[in-house]
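Residues per chain are reported as follows:
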Amino acid sequence: MRRTPRTAAALLAASALVVIAGCSSSGGKEGNEKPSSDGGGEAAKTPRMKIAMVTHSGQGDTFWDIVQSGAKVAARKDNVQFLYAANPEGKEQAQLVQTYIDQKVDGIVVTLAKPEAVSDVVRKAVAAGIPVVTINSGAEFSKGLGALSHIGQDESVAGEAVGEELNKRGRKKALCVIHEQGNVSLEARCAGVKKTFEGTVENLNVEGTNMPATTSSIEAKLQSAKDIDAVVTLGAPFAAASVKAKDGAGSDAEINTFDLNADVVKALKAGEIAFAVDQQPYLQGYLAVDELWLNKVNRNVIGGGRPILTGPALVTDKDVPALEKLTAAGTR
C-alpha cells in the first residue's frame, strides 16, 4: 500500500491495538438515533469514564461499524463506557450531541460533515467543560470550535491522490458519485479529484440511503454518457452499486472507491474494482476514545492539537492477501 505520511503520534497510539477479536458493532446495522453502549473486559485502573460518539451515519453504512469497532476496543482498555448515536441530518445530529451534554458525559466524539448545523452545540459542549474530539469530516472547522484535535484524512489531499492515480491509469472522463448532498467532506473529495485529474470530472448526486435508486441513477448516467471511463464512489457500499450499474449499462468504465470493507476487498480480488482509498476508520474510532481518556488522566493531546492523519492509502488487488482477514473481522 502506498501511504502518505502520518504523524508519529498517531502511529504510536496505533501500536496500542492489541486485542481485536470479539468487537461488535451496530452503527450501520441498526436504525439511527438508537444509542448503544459497550465496555467491560480488562480495563485500566483509572476512574470510570463515559464517552459519547455522534456521527452523521446513514442507515446501513458499514463504514461506521468499523469506526465503532475501534472505539469499543479502546473503551474496554481505558475503562470507558462508550455511547453511540447517529443521524444523517445535521439538526438531529446536533440534538443528539445536546442529549449527551445534558447527561454530563466525560467526552464527546463528533463528525463535522455539516458544520453549520452542529457548530453551536459543539461550542456549547466545550463551554460546559466537556472535551471534544472531531473525527472523519470537517477538519478545517475543528480547531475553531475548540476541539482538542481532529482525527481523519485530509479529504482534499485524498481526492488529489485519486486524480493522480486516474492519470496513471490513462482515464479521460470520471464520474464522481456524491451520496450525501451538503456533506463538506464528500464535496472536498470530488474537488480534489478534479484538481489533479487531467481529464474531466462530472459530479453525480445520488440518494445514498436508497441503494436501488443509487444504482439506477449511476446506471442511467453510464448509459447516457458512454465516454465515462472511470467511476469514483465516495463510500464502500456505493462501489458495489456502481459495479452493478456498470453491468446494467454495458459500460467499460473502471470502478474505484473511497473506503474499504470486506465487500470491496472481494471486488478488488475479483478485478471488479481497480483501487480503493483507505482512511482507516478503525483507527479513527480507537484514537478518538483513547485521546479523550489520555487527556483526562494525563493531560495529553495527540498530535499537539494538529490534525491526526489516518489516510489516505491506495489499496489495489496486490494488497488483498494482507487485508482479507482484517476486513472480515471488521477492523479494516
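See the structure printed just above.
Since the model is a prediction, treat every value here as computed from it, not as a measurement.

Lay out the nonpolar core with the relevant residues and their values.
Core analysis: the biggest nonpolar cluster contains 30 residues, and Ile 51, Met 53, Phe 82, Val 109, Ile 135, Ile 151 and Val 289 have the highest contact counts within it. Secondary-structure elements contributing two or more residues to this core are strand E3 (49-55), helix H2 (63-77), strand E4 (80-86), strand E6 (132-135) and helix H11 (281-298). For Ile 51, the contacting residues outside a window of four places in its chain are Val 80, Gln 81, Phe 82, Leu 83, Gly 107, Val 109, Val 289, Leu 292 and Trp 293. Leu 222, Ile 228, Ile 255 and Leu 323 belong to the second-largest nonpolar core, a separate cluster that totals 26 residues.

Could you give me a rundown of the pattern of salt bridges, with the residues and numbers involved?
Proximity of charged atoms lets side chains of opposite charge pair with each other. What the rule picks out here adds up to 13 salt bridges. Across the pair Lys 269 and Glu 324 runs a salt bridge, and its minimum N-O distance is 3.1 Å. Separated by 55 residues along the polypeptide, Lys 269 in helix H10 (residues 262-270) and Glu 324 in helix H12 (residues 320-328) bring together distant segments of the chain.

Tell me what's going on with the packing of aromatic side chains, and back it up with residues and numbers.
Counting across every chain of the model gives one aromatic pair. When the ring of Phe 63 is compared with that of Trp 64, the centres are 5.0 Å apart and the planes differ by 75°; the resulting orientation is edge-to-face. Side by side, Phe 63 and Trp 64 carry an identical accessibility label, which is buried.

Hey, could you go over the packing of helix H6 (residues 155-168) against helix H7 (residues 184-196) for me, with residue numbers and the actual values?
At their nearest, the axes of H6 and H7 sit 6 Å apart, and the two run at 40° to each other. Compared by their axis directions, H6 and H7 come out oblique. For H6 against H7, the interelement crossing comes out right-handed. Along the contact surface, H6 presents Glu 155, Ser 156, Gly 159, Glu 160, Val 162, Gly 163, Glu 164, Leu 166 and Asn 167, while H7 presents Ser 185, Ala 188, Arg 189, Gly 192, Val 193, Lys 195 and Thr 196. In terms of residue class, the contact of H6 with H7 is made up of four nonpolar, seven polar and five charged.

Just give me the short version of the pairing of strand E8 (residues 173-178), but keep the residues and values in it.
The buried fraction of E8 is high, at six of six residues. Here E8 shows a buried face lined by Lys 173, Leu 175 and Val 177 and a second buried face lined by Ala 174, Cys 176 and Ile 178. Note that E8 and strand E9 (residues 200-205) share six bridges and pair parallel. Within E9, the position partnered with Lys 173 by the bridge is Thr 200. The parallel pair E8 and E9, bridged by H7, forms a crossover whose chirality is right-handed.

Report on the environment of Thr 316, specifying residues and quantitative values.
Structurally, Thr 316 is set in the loop between strand E14 (313-315) and H12. A C-alpha to C-alpha distance of 8.6 Å links Thr 316 and Val 265, two positions 51 residues apart in sequence.

A description of unusual backbone geometry should follow, citing residues and the corresponding values.
For the peptide bond that leads from Gly 311 to Pro 312, omega is 10°, which places it in the cis range. Phi at Lys 104 is positive, roughly 55°, even though this residue is not glycine. Its identity as a non-glycine residue notwithstanding, Asn 136 has a phi of 75°, on the positive side. The topology assignment puts Asn 136 in the loop between E6 and helix H5 (139-142).

What counts, and where the lines are drawn
Residues numbered from 1 in each chain as written. Predicted model: local features only at pLDDT ≥ 70, side-chain atom pairs only at ≥ 80, totals over all residues. Heavy atoms only, no water. Core = buried A, V, L, I, M, F, W, Y, C linked by side-chain atoms within 4.5 Å. Buried < 20%, exposed > 50% of the residue type's maximum accessible area, 1.4 Å probe, protein only. Helix = DSSP H or I, 4+ residues; strand = E, 2+ residues; numbered from the N terminus. Contact = heavy atoms within 4.5 Å. Salt bridge = Lys/Arg side-chain N within 4 Å of Asp/Glu carboxyl O. Phe/Tyr/Trp six-rings, centres within 6.5 Å; stacked < 30°, edge-to-face > 60°. Axes fitted to C-alpha atoms, helices over the stretch in contact; angles between N-to-C directions. Parallel < 35°, antiparallel > 145°, perpendicular 65-115°, else oblique. Left-handed = near helix turned anticlockwise from the far one by under 90°. Nonpolar A, V, L, I, M, F, W, Y, C, P; charged D, E, K, R; others polar. Pairing = 2+ DSSP bridges. Right-handed = clockwise from strand over helix to strand, strands pointing away.

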